[in-house]
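# Secondary and tertiary structure notes
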Amino acid sequence: MSGSTLRSGGGTAWKSRCVDSGDGYFTLATEDTGTVPVRLFLTPRLLEDVEDSIYPQVVTATRFPGVRLVVITPDVHHGYGVPVGCAILTDVDAGAIALGPVGFDIGCGMCSLSSAVPAGAATPERRMAFNRAVMRRVRLGAGERGVSRLARIDRAEFERLVRGGAEYYTERYGTRLDRARAERQRIPVDEGWQLPSGRADRGMAQLGSLGGGNHFIELQRSAQSGTLFVQVHTGSRGFGHGLAEMYFQVARAERPAEIQSLDEAWFAADSPRRADYLNAVAAAGNYAIINRLVIAEELAAAFREVFTAELELVYEISHNLVQREWHPDFGEVHVHRKGATRAFPAGHPGLDGTQWATTGHPVLIPGSNRDQSYILRPRNSAKSAYTVNHGAGRRMSRTAARKQLDQRQIDDEYRRQGIVVNLDGRVPIDEAGPAYKSSREVVEAVTRAGLATVEHELWPLASLKGTR
DNA sequence: ATGTTC
């Protein structure tokens, strides 16, 4: 990794090296990427629009030891070390486990719920009432704590939760939700791995809280069924962040000359700490899944209060994890997904014994809070390493959005469209629609490549986001 | 993403 200089880095020259495969993606092979195949699932227009600064990040993605394939998703944008919107496959025996390609928010992901309520029931008054009912039950914003009973558990119970995952949570707390619709029932954590002391406290207090940034809750209308859906985007809060920080320090201590920041950090196959980090990812992944289920339960209660009807779980899935999977070209590999969603089609061994074995599992793709979100079904997704995008992707940095977008104009636009934002109608400006790419254009890149088909287009009716 | 620059 160290001393890796880019012989053709900088500028737009790299784009002319991208070769259309004719199968929905470009391949990129340069002196910098070496022998590692790189596939970019972009339309020509998305390729033209993408920031040049992702090129050195794609190169970084190819340079961890034992990388077999790098996949770039159509929502790609500049990230921490490697792009947000990529999958990196590494050899399970000889390959690295990298930290940047998982990110700080380990286990971050989506949960979608559906109802049989016709969307006409969501009058402007009820959209606001839904936001109010949710805000009594779920705290929004960085640093906020949970208000559900799960936020008042003791240390021993917290440890049982992060080891036992959705399975333990459901057995112990008896949620009405069908936990079989979570991507992972329990990500195994080795008995011998100790939960680092001092890393649990924040996580304990924050269970059931949403967080800030691009995390959100949304009431939606399905264009296909005409009924109301609710969607949540959240992760492992301070718990996963604390573990990511801690294991970055561990990785840096092993290779101080090479590793200065989390985006450069990785564990070699022979590092005794590689397994420790994988256990931390498992614990934070379990936490994030439980957090989404706890919030989903609160959303169902809020929905019941406002619409006197039930919400059912559609699916729950992460887009920031490293997991061991089977891939036809490589066998068993570690798949790092950073802002990228797993997409197993019918027949994948990872779905054996689940209700998705003959259909593939649903894939949850949020758009901005002005644009449609999607529920997709994986089809011919082996060529993208069973990976699709995780959202629309940013097209403006937060700083650029704050500088270029007019608060009043944005708020007026949402109001005209009937999208109720928080309680005051003030759209967090760096999260506003224009700061994101078109979700339709990004999803078209996925469907044209044959990776998945569209099952639901979900249009925002009410949006909740932390303001700090 | 984040006790939002330990």
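Reference entry: report on the structure contained in this document.

About the cut-offs
Residues numbered from 1 in each chain as written. Chains lettered and ligands numbered in written order. Predicted model: local features only at pLDDT ≥ 70, side-chain atom pairs only at ≥ 80, totals over all residues. Heavy atoms only, no water. 1 Å grid on protein atoms, 1.4 Å probe; cavity = no way out; pocket = protein on both sides within 12 Å on 5 of 7 lines; lining within 4 Å. Points joined across faces, edges and corners; volume = space filled by probe spheres on them. Helix = DSSP H or I, 4+ residues; strand = E, 2+ residues; numbered from the N terminus. Nonpolar A, V, L, I, M, F, W, Y, C, P; charged D, E, K, R; others polar. Buried < 20%, exposed > 50% of the residue type's maximum accessible area, 1.4 Å probe, protein only. Axes fitted to C-alpha atoms, helices over the stretch in contact; angles between N-to-C directions. Parallel < 35°, antiparallel > 145°, perpendicular 65-115°, else oblique. Contact = heavy atoms within 4.5 Å. Near = heavy atom within 4 Å. Polar contact = N/O pair within 3.5 Å; in protein donor to acceptor, adjacent residues only side chain to side chain.

Tallying each qualifying case throughout the model produces one cavity of 30 Å³ or more. Looking at the largest cavity, its volume works out to about 60 Å³. What lines the largest cavity is Glu 183, Ser 318, His 319, Asn 320, Leu 321, Val 322, Gln 323, Val 335, Arg 337, Ala 340 and Arg 342. At the level of secondary structure, the elements contributing two or more residues to the lining of the largest cavity comprise strand 12 (320–327), strand 13 (331–338) and strand 14 (340–342). Broken down by element, the residue count for the lining of the largest cavity peaks at four residues, all from strand 12. Grouping the constituent residues of the lining of the largest cavity by class yields four nonpolar, four polar and three charged.

Moving on: unusual backbone geometry. With a phi angle near 45 degrees, Thr 308 is a residue other than glycine that sits in the positive phi range. Phi angles above zero are rare outside glycine, and Asn 422 is one such case at about 50 degrees. Relative to the elements of secondary structure, Asn 422 occurs in the loop between strand 18 (420–421) and helix 11 (439–448). Residue classification places Asn 422 among the buried residues on the basis of a relative accessible area of 5%.

Moving on, we come to the packing of helix 7 (residues 237–254) against helix 8 (residues 274–307). Across the interface, helix 7 lies against helix 8 with an axial gap of 9 Å and an inter-helix angle of 170 degrees. In terms of orientation, helix 7 lies roughly antiparallel with respect to helix 8. Contacts between helix 7 and helix 8 involve Arg 237, Phe 239, Gly 240, Leu 243 and Tyr 247 on the former and, on the latter, Asp 276, Tyr 277, Ala 280, Ala 283, Ala 284, Tyr 287 and Asn 291. Partitioning the contact of helix 7 with helix 8 into residue classes produces eight nonpolar, two polar and two charged.

On to the protein's contact with DNA strand B, then. In the region of DNA strand B, 15 residues are neighbours, and Arg 202, Gln 206, Gly 212, Asn 214 and Arg 237 sit closest. By atom count, sugar and phosphate contribute 57% of the portion of DNA strand B lying within 4 Å of the protein. Within the backbone of Asn 214, a nitrogen or oxygen atom sits 2.2 Å from a phosphate oxygen of DNA strand B. Contact between DNA strand B and Arg 398: a phosphate oxygen at 3.1 Å from a side-chain N or O atom of the residue. Those elements that place two or more of their residues in the surface near DNA strand B are helix 6 (201–206) and helix 7. Classifying every residue of the surface near DNA strand B gives two nonpolar, eight polar and five charged.

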